Amino acid sequence: GRLSLLEWDGPAGYPADGPALVWLHATGFHALTYRRLLIDIAAQMPVVALDLRGHGITTLPAVPGRTRVHRAYFGDVVTVLEGLGRPAILGGHSLVCLVGFGLAGRRPDLVRGLLLAEPVLVPQRLARLFAIARAFGQADRVSRMAAGARRRRAVFPSRMAMLESYAGRGAFRTWP
């Protein structure tokens, strides 16, 4: 499979050794979701936005219930950062911020800083409980967020039906 990403070069004259923002989207979103935000940031610095496994047009395998996605994300992002050729500020939204925290701690040679939007921080004891519940197929009983994600519709009869379903709801209430 392939990892899909979007790139903005940043402003003219930006130093070749200056950092780039590498953006990771929230679960259930994709890189283009953030294009308005990222275009504004690209006026200041180069930006790379990834479509993580199971999202957007990335074709790397992500089998629900069988792929340890955050571990896979970690490896995918390390590969991108190592190939970047410049330091990175790792940005992300929601649960995927855990990948950013992990990379900043384990690979400070690749991550100069973090830019996190609504990071989900799970206390260690709850993370263990959730891992055990997930192993026994009971994650929905432990986490309302997991139960809500499982109820999300995956297929729509048309693009218009999908837009109508999300417009004005939840996090999308304020989105154009």
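Residues numbered from 1 in each chain as written. Predicted model: local features only at pLDDT ≥ 70, side-chain atom pairs only at ≥ 80, totals over all residues. Heavy atoms only, no water.

Colleague: Any chance you could explain the overall build of the protein chain here in plain terms?
Modeller: Tallying secondary structure elements over the protein chain gives seven helices and five strands in all. In terms of overall dimensions, the protein chain is globule-like: its C-alpha atoms have a radius of gyration of 17 Å, near the 16 Å expected for 176 residues. Along the three orthogonal principal directions, the C-alpha set of the protein chain runs to about 50 × 40 × 30 Å. Partitioning the contacts of the protein chain with sequence separation of at least 6, the portion at a separation of at least 24 is 69%. Looking at the protein chain as shown, the accessible area adds up to about 11,300 Å², and 56% of this sits on carbon and sulfur atoms. Measuring between centres, the 23 positive side-chain charges of the protein chain sit 13 Å from its 11 negative side-chain charges. (Helix = DSSP H or I, 4+ residues; strand = E, 2+ residues; numbered from the N terminus. Rg over C-alpha atoms; globule rule 2.2 N^0.38 Å. Contact = heavy atoms within 4.5 Å. Areas by Shrake-Rupley, 256 points an atom, 1.4 Å probe, with all protein chains shown as cover. Lys, Arg positive; Asp, Glu negative; His and termini not counted. Charge placed at Lys NZ, Arg CZ, Asp CG, Glu CD.)

Colleague: Sorry, what's going on with the pairing of strand β5 (residues 111-117) here?
Modeller: The two faces of a sheet get side chains in turn, since along a regular strand they alternate between them. Pairing between strand β4 (residues 88-93) and β5: six bridges, direction parallel. Paired with H93 across the two strands is A117, which belongs to β5. Regarding topology, helix α3 (residues 97-106) serves as the crossover connection from β4 to the parallel β5, and that connection is right-handed. (Pairing = 2+ DSSP bridges. Right-handed = clockwise from strand over helix to strand, strands pointing away.)

Colleague: In this structure, what is going on with the nonpolar core? I would like to understand it.
Modeller: Ranked by internal contacts, the top residues of the largest apolar core, which has 18 residues, are L24, L50, V77, L81 and L103. Every element with two or more residues in this core is listed here: β2 (20-24), β3 (47-51), α2 (69-84), β4 and α3. If one sorts the elements of this core by residue count, α2 sits on top with six residues. Of all hydrophobic cores here, the second largest spans twelve residues; its members include W23, A26, A31 and A49. (Core = buried A, V, L, I, M, F, W, Y, C linked by side-chain atoms within 4.5 Å. Buried < 20%, exposed > 50% of the residue type's maximum accessible area, 1.4 Å probe, protein only.)

Colleague: Please explain the packing of aromatic side chains as it appears in this structure.
Modeller: Any pair of aromatic rings gets described here by the distance separating the centres and the angle formed by the planes. Within this structure, the stated rule accounts for three aromatic pairs. Put simply, the rings of W23, F29 and Y34 touch in pairs and so form one group of aromatic residues. Positioned above the aromatic ring of F74, the side-chain terminus of R106 is 5.2 Å from the ring centre. (Phe/Tyr/Trp six-rings, centres within 6.5 Å; stacked < 30°, edge-to-face > 60°. Lys NZ or Arg CZ within 6 Å of the ring centre and 35° of its normal.)

Colleague: Could you clarify how one ought to interpret the side chain of H25 in this entry?
Modeller: With respect to the element layout, H25 can be found in the loop between β2 and α1 (35-42). Here F29 takes part through its backbone oxygen, which lies 3.3 Å from a polar atom of the side chain of H25. A distance of 2.9 Å separates the side chain of H25 from the backbone nitrogen of L52, its partner in a polar contact. Leaving out residues up to four positions away in the same chain, H25 has contacts with H30, A31, Y34, L50, D51, L52, H55, H93 and V96. (Polar contact = N/O pair within 3.5 Å; in protein donor to acceptor, adjacent residues only side chain to side chain.)

Colleague: Would you take a moment to explain a nonpolar patch on the surface for this structure?
Modeller: On the surface, L98, F101, L114, L121, V122, L126, L129 and V142 cluster together to form a nonpolar patch covering roughly 640 Å² of accessible area. Among the secondary structure elements, those contributing two or more residues to the nonpolar patch are α3 and α4 (124-135). The topology assignment puts L114 in strand β5. (Patch = residues over 30% accessible without salt bridge, like charges linked within 9 Å, V, L, I, M, F, W, Y side chains within 5 Å. Salt bridge = Lys/Arg side-chain N within 4 Å of Asp/Glu carboxyl O.)

Colleague: I tried to follow the sheet that holds β2 on my own but got confused; where do I start?
Modeller: Strands in a sheet are paired, the pairing made by backbone hydrogen bonds, and the direction either parallel or antiparallel. Read across the sheet, five strands follow the order β1-β3-β2-β4-β5 without closing on themselves; strand pairing throughout is mixed. Every other strand in the sheet has two partners, leaving β1 (4-8) and β5 as the edge strands with one partner each. Strand-to-strand twist of the sheet, defined as the mean angle between neighbouring strand axes without regard to direction, takes the value 20°. Here five bridges tie β1 to β3, and the two strands are oriented antiparallel to one another. Bridging across to β3, W8 finds its partner in V47. Contacts from α3 reach β2, β4 and β5, with the element oriented near 160° to β5. (Axes fitted to C-alpha atoms, helices over the stretch in contact; angles between N-to-C directions.)

Colleague: Mind showing me how you'd approach the environment of A133 here?
Modeller: Looking at the element boundaries, A133 is found in helix α4. Along the backbone, A133 and R112 are 21 residues apart, and their C-alpha atoms lie at a distance of 35 Å. With sequence-adjacent residues up to four places away left out, A133 is seen in contact with Q138, A139 and V142.

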